[in-house]
There are 2 protein chains.
Amino acid sequence: MVKQERALRTREALIKSAATVFDRDGFSVASLTAISSLAGVSNGALHFHFASKAALADAVEEAAAERLAHIVTVHEEEAANALQLLVNTSHELARRLTADVVLRAGFELSRDQVREGGPGLYQQWHRWVEGALKRAAGEGVLNQVKPEDAATSVVAATTGFEVLGPQDPEWLSHRTITRFWRLLLPRLADPSVLGDLVAAGSRPHVRP
Amino acid sequence: MVKQERALRTREALIKSAATVFDRDGFSVASLTAISSLAGVSNGALHFHFASKAALADAVEEAAAERLAHIVTVHEEEAANALQLLVNTSHELARRLTADVVLRAGFELSRDQVREGGPGLYQQWHRWVEGALKRAAGEGVLNQVKPEDAATSVVAATTGFEVLGPQDPEWLSHRTITRFWRLLLPRLADPSVLGDLVAAGSRPHVRP
């Protein structure tokens, strides 16, 4: 059991190191030696866990997909409606993209044209955003806009924040995401709920 | 003169080939041999024009910056106001990103974290978008929103369309950009001009 636990920890460390090196150097250039050395394990140990760099990238993308799945469920019960849930979740995603290299590298790998596609984090995010907006429509809190159209614009904008963030952290800041929702909510929300919606997120803003 | 002209053509061919290979393989992996071979010139001819792969990437980014500068001026006189100009120009940018590999590769290079920054196409686009929205405010066609906030959201969304386009062309389609503006214009435009604004673009839509 102790041995299994250690193997699991080594695997986690390798995934985090791989994410760090992919994020810094890009998938194509990233060297396995740099990854194993950052994880503090031998090349042999790396190869015991992952057959290839592609296998490591798949593992990073899968770990990121799990984190994204967690992010979109963690606020479920706090929000008054599905539109506020979408706002809160986008703030959480931006925070985590800044703080969590595995999540960030997962998105970067998902749009690497050179790699064969993994689980597709953008599609996963898109499906969830569209689902949230459809729920908002069902709750009667969405204005006269199609959930699909709103989802396209929200996903495009959040993708832009994610892509531009590494060069200039302001793009992923709480302030920028809040401004985005201040602009968009009056168009998305039914007038009856607009006053109750909080563009800055409806839970205490705790930076990790 | 004939010799100079031929040299200029070779340079142009190399820039286009480099853009094609960067776009396909990524900057880090792209090989100079693949680039010269695609341009139909020798490795020696490539090195006569460009000292390194980095120099070629700079040239691609500069060529893309020139194209972007052209795109944002070409519709200047057709639009009734600066908000319609922004709509038309974003449609034109999406069309060109689909059709012109040099423009596309220029944006990709601009967000390559591994490279040292060139002219920064995103900043160039951001400045122009913000300028257009400020002009719209001056013309009295902008609603009660800050031009800077609107610019942030528009740039984030267009960046998302650009980044997601290569994997799924629907993101850069005329339909998607039109839907985006149908969503956003009622929020951005002063009610007095909203009815005159054309989300699909106010000039005949001609695909290149």
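Everything that follows concerns the structure shown earlier in this document.
Computed from a prediction, not measured in an experiment: that's the story for all the values here.

A. Up close: empty space enclosed by the protein. In the structure shown here, the tally under the stated rule is eight cavities of 30 Å³ or more. A volume near 690 Å³ is recorded for the largest cavity. Lining the largest cavity are 35 residues, with R111(A), D112(A), G26(B), R111(B) and D112(B) positioned closest to its centre. Secondary structure elements with two or more residues in the lining of the largest cavity: α1 (2–25) and α6 (101–110) of chain A together with α1 (2–25) and α6 (101–110) of chain B. Of the residues belonging to the lining of the largest cavity, the class tally is 16 nonpolar, seven polar and twelve charged. Going through the elements one at a time, α5 (82–99), α7 (121–138), α8 (147–164) and α9 (174–188) of chain B are the ones with two or more residues in the lining of the second largest cavity. Across the lining of the second largest cavity, the residue classes break down as eleven nonpolar, three polar and one charged.

B. Spotlight on the environment of A136(B). Residue and element names in this part refer to chain B. Turning to its location among the elements, A136 is positioned in helix α7. C-alpha separation for the pair A136 and A189, spaced 53 residues apart in sequence, amounts to 8.9 Å. Among all residues touching A136, those that are not within four sequence positions of it are A82, L83, V141 and L142.

C. Just the packing of helix α5 (residues 82–99) of chain A against helix α7 (residues 121–138) of chain A, in detail. Residue and element names in this part refer to chain A. The interhelical angle for the contact between α5 and α7, taken along N-to-C directions, is 155 degrees, at an axis separation of 8 Å. Considering their axes alone, α5 and α7 lie roughly antiparallel with respect to each other. In this structure, α5 uses A82, L83, L85, L86, T89, S90 and L93 to contact α7, whose residues at the interface are W125, W128, V129, A132, L133, R135 and A136. Tallied by class, the residues present in the contact of α5 with α7 amount to eleven nonpolar, two polar and one charged.

D. Representation of the relation of the copies chain B and chain A. Least-squares fitting of chain B to chain A yields an RMSD of 0.0 Å, with the transformation described by 0.0 Å of translation along the axis and a rotation of 180 degrees. Classification of the inter-copy transformation places it as that of a two-fold axis. The rotation axis passes nearest to the C-alpha of A157(B) in chain B, at a distance of 1.9 Å. Here 100% of the contact residues of chain B are again contact residues in chain A; the copies associate through an equivalent surface.

E. Local environment of the nonpolar core. In terms of nonpolar packing, the biggest core is built from 96 residues, with L83(A), W181(A), L83(B) and W181(B) touching the most fellow members. Residues within four places of L83(A) in sequence aside, it is in contact with L133(A), A136(A), V141(A), L142(A), L185(A), L188(A), A189(A) and L197(A).

F. Summary view of α7(B). For α7(B), built from 18 residues, the straight-helix expectation of 26 Å at 1.5 Å per residue is met to within 8% by its first-to-last C-alpha distance of 26 Å. Within the sequence span of α7(B), burial applies to L121(B), Y122(B), Q124(B), W125(B), H126(B), W128(B), V129(B), A132(B), L133(B) and A136(B). Where the residues of α7(B) are buried, they touch α8 (147–164) of chain A together with α4 (53–74), α5, α6 and α8 of chain B. Once α7(B) finishes, G140(B) follows within two positions and takes phi at roughly 80 degrees, a positive value.

G. Fine view of the interface of chain B and chain A. Each partner contributes to the interface: chain B provides 39 residues, whereas chain A provides 39 residues. A combined buried area of about 3,000 Å² lies between chain B and chain A, and 67% of that area is made up of carbon and sulfur atoms. When the buried surface of chain B facing chain A is broken down by residue, Q113(B), L183(B) and R187(B) rank first, second and third, together holding 21% of it. Across the contact surface, chain B and chain A share two salt bridges. As a salt-bridge pair, D149(A) and R179(B) come within 3.3 Å of each other at their nearest N and O atoms. The interface formed by chain B and chain A contains eight residue pairs in polar contact (both at pLDDT 80 or more). Counting residues per element, the ones that place at least two in the side of chain B that touches chain A are α1, α6, α7, α8 and α9 of chain B. Residue composition of the side of chain B that touches chain A, grouped by class: 18 nonpolar, eleven polar and ten charged.

Criteria and cut-off values
- Residues numbered from 1 in each chain as written.
- Chains lettered and ligands numbered in written order.
- Predicted model: local features only at pLDDT ≥ 70, side-chain atom pairs only at ≥ 80, totals over all residues.
- Heavy atoms only, no water.
- 1 Å grid on protein atoms, 1.4 Å probe; cavity = no way out; pocket = protein on both sides within 12 Å on 5 of 7 lines; lining within 4 Å.
- Points joined across faces, edges and corners; volume = space filled by probe spheres on them.
- Helix = DSSP H or I, 4+ residues; strand = E, 2+ residues; numbered from the N terminus.
- Nonpolar A, V, L, I, M, F, W, Y, C, P; charged D, E, K, R; others polar.
- Contact = heavy atoms within 4.5 Å.
- Axes fitted to C-alpha atoms, helices over the stretch in contact; angles between N-to-C directions.
- Parallel < 35°, antiparallel > 145°, perpendicular 65-115°, else oblique.
- Least-squares fit on C-alpha atoms with pLDDT ≥ 70 in both.
- Core = buried A, V, L, I, M, F, W, Y, C linked by side-chain atoms within 4.5 Å.
- Buried < 20%, exposed > 50% of the residue type's maximum accessible area, 1.4 Å probe, protein only.
- Expected span 1.5 Å × (residues − 1).
- Buried area = accessible area lost by both parts, 1.4 Å probe.
- Salt bridge = Lys/Arg side-chain N within 4 Å of Asp/Glu carboxyl O.
- Polar contact = N/O pair within 3.5 Å; in protein donor to acceptor, adjacent residues only side chain to side chain.

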